[in-house]
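In case you want the letters, here they are:
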Amino acid sequence: MKPSTSVAVVGAGNMGGAMLARLRDLAWQVAVHDTDAQAQAQAVTLGAAPCGSAAQAAQSLAPQGVLLVAVVDAAQTESVLWGKAGAGAHLQPGQCVMLCPTLGPATVAAQAERLALQGVDCMDAPMSGGPLRAREGRMSLMVACPDAVWTRHQNLLNALSDQVFRVGTRAGDGARTKLVNNLLAAVNLAGAAEAMALAERLGLDPAATLSVIEASSGQSWIGSDRMRRALAGDLAPRAHVSLLAKDTSLALQAAEDVAFDPPLGRIARALFAQALEQGWADLDDAALLQLMRQR
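### Thoughts on the overall build of the chain
Tallying secondary structure elements over the chain gives 14 helices and nine strands in all. In summary, the chain has a C-alpha radius of gyration of 20 Å against a globular reference of 19 Å for 295 residues, a match within 12%. Taken along its principal axes, the extent of the C-alpha atoms in the chain is 65 × 45 × 35 Å. For the chain, buried positions account for 49% of its 295 residues. When the accessible surface of the chain is totalled, it reaches about 13200 Å², and 54% of it is carbon and sulfur.

Have a look at this one:
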C-alpha cells in the first residue's frame, strides 16, 4: 500500500472508533484495522482506508505518520506491534506509535524502548472520558513523551481533544496518571452505586435522589453518567465491567510497586471482581448498581 495516511488506527471499538470519527470530521487521512468486521466496516463508512492487518496499517503511514493503538490491554498491544502480521517490523524511523490503552507503566516503558531501537517514537497517551466525549473532542489525554515528539504531534493531539495534559517525558507516566485516575473512578463508581442502592432501600426515588447528589457535595462525573443509565436499565456496554476490573488491578500493582496500600482501592477491586464472578464482564460498568442491590 502506498504510504498516504497521516494516522492509522488499530482498534476501532468504542474509543478508537470515536477518535477515528473525530479525525475524519476534521478531514484527516486515516487508515483503520480492527479484527471485528463490524467495527472495521463502520470506520470505512466514515472514509477511513481499510487495512487487513496491523502490518498493513503501518505500511499505510506517511513518513511522519502515527500508528494510534486503541486496543484493550497489554496482550493485545503486544500482538498489534509484534505478533503475526504486527505493525512493529513495518514502522520506519520518524514515525510514532501512540499508545492509548490503559497499560502498566513497565509495559509502556518496554514498548517505548523496543520501538526506539528502530528509531520509532512513542507517545504514552492513555485516554479517559468515554466514547461521546472522544467523538466530540472533549476526552482527556494524558501524554508522556519527549519534548520533540510532543512538538511534532501537536496538531494531532489538538485535533483529538481540547483536554490534552502533558504529564511528563518519561514513558510510563501517562500510564501512571491514568491508573491513579481510574482507581478514583472505580472508587467513585462503587460509592455512587452503593448510595443509589441505599436510596432505593430507604424508599426514596433514586432518580430524584441522584438529581440532588448532582447538585450537591456527593456529585461525581462517573456517578452521574453511570447511575443515570443504570436506573434506566441501560447496561449496553460503553465501558465494560472487565475494563475497570483490569484497571483497578493494574493500579493496585502500581501501588504495591511503591509500597503504598490503598484501602479504598482494594475494596473497589474486590467489588469489580465480584461483578466478574456474576458473569457481567461484557456489561457496562453501570452494572455495579445491580451488585449493590444484592447486598
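### With respect to the pairing of strand β4 (residues 61-69)
Two faces, one strand: in a regular strand the side chains alternate between the faces of the sheet. With five bridges joining them, strand β1 (residues 5-10) and β4 adopt parallel strand pairing. Its bridge partner lying in β4, V7 is registered against V66. By the bridge criterion, four bridges tie β4 to strand β5 (residues 96-99) in an arrangement that is parallel. When the sheet's bridge partners are listed, V69 is paired in β5 with L99. Each parallel crossover has a hand, and for β4 linked through helix α4 (residues 74-82) to β5 it is right-handed.

### Structural notes on the side chain of D284
Residue position: D284 is located in the loop between α13 (263-277) and α14 (288-293). What D284 contacts, discounting residues up to four positions off in sequence, is R226, R229, L235, A236, P237, R238, A239 and V241.

### Focus: the environment of A58
Here A58 lies in helix α3 (residues 54-59). Residue classification places A58 among the buried residues on the basis of a relative accessible area of 2%. In the structure, A58 is positioned 115 residues away from D173 in sequence and 25 Å away in space, judged by C-alpha atoms. Not counting residues within four places of it along the chain, the set of residues in contact with A58 comprises L67, A87, H90 and L91.

### Focus: unusual backbone geometry
Even without being glycine, A27 reaches a positive phi, approximately 70°. Counting through the fold element by element, A27 comes out in the loop between α1 (14-25) and β2 (30-33). Phi at A259 takes a positive value of approximately 60°, unusual for a residue other than glycine. Tracing the sequence through the fold places A259 in the loop between α12 (241-257) and α13.

Calculation rules
Residues numbered from 1 in each chain as written. Predicted model: local features only at pLDDT ≥ 70, side-chain atom pairs only at ≥ 80, totals over all residues. Heavy atoms only, no water. Helix = DSSP H or I, 4+ residues; strand = E, 2+ residues; numbered from the N terminus. Rg over C-alpha atoms; globule rule 2.2 N^0.38 Å. Buried < 20%, exposed > 50% of the residue type's maximum accessible area, 1.4 Å probe, protein only. Areas by Shrake-Rupley, 256 points an atom, 1.4 Å probe, with all protein chains shown as cover. Pairing = 2+ DSSP bridges. Right-handed = clockwise from strand over helix to strand, strands pointing away. Contact = heavy atoms within 4.5 Å.

It is worth stressing that arrangement in space is one thing and function is another; only the former is reported here.
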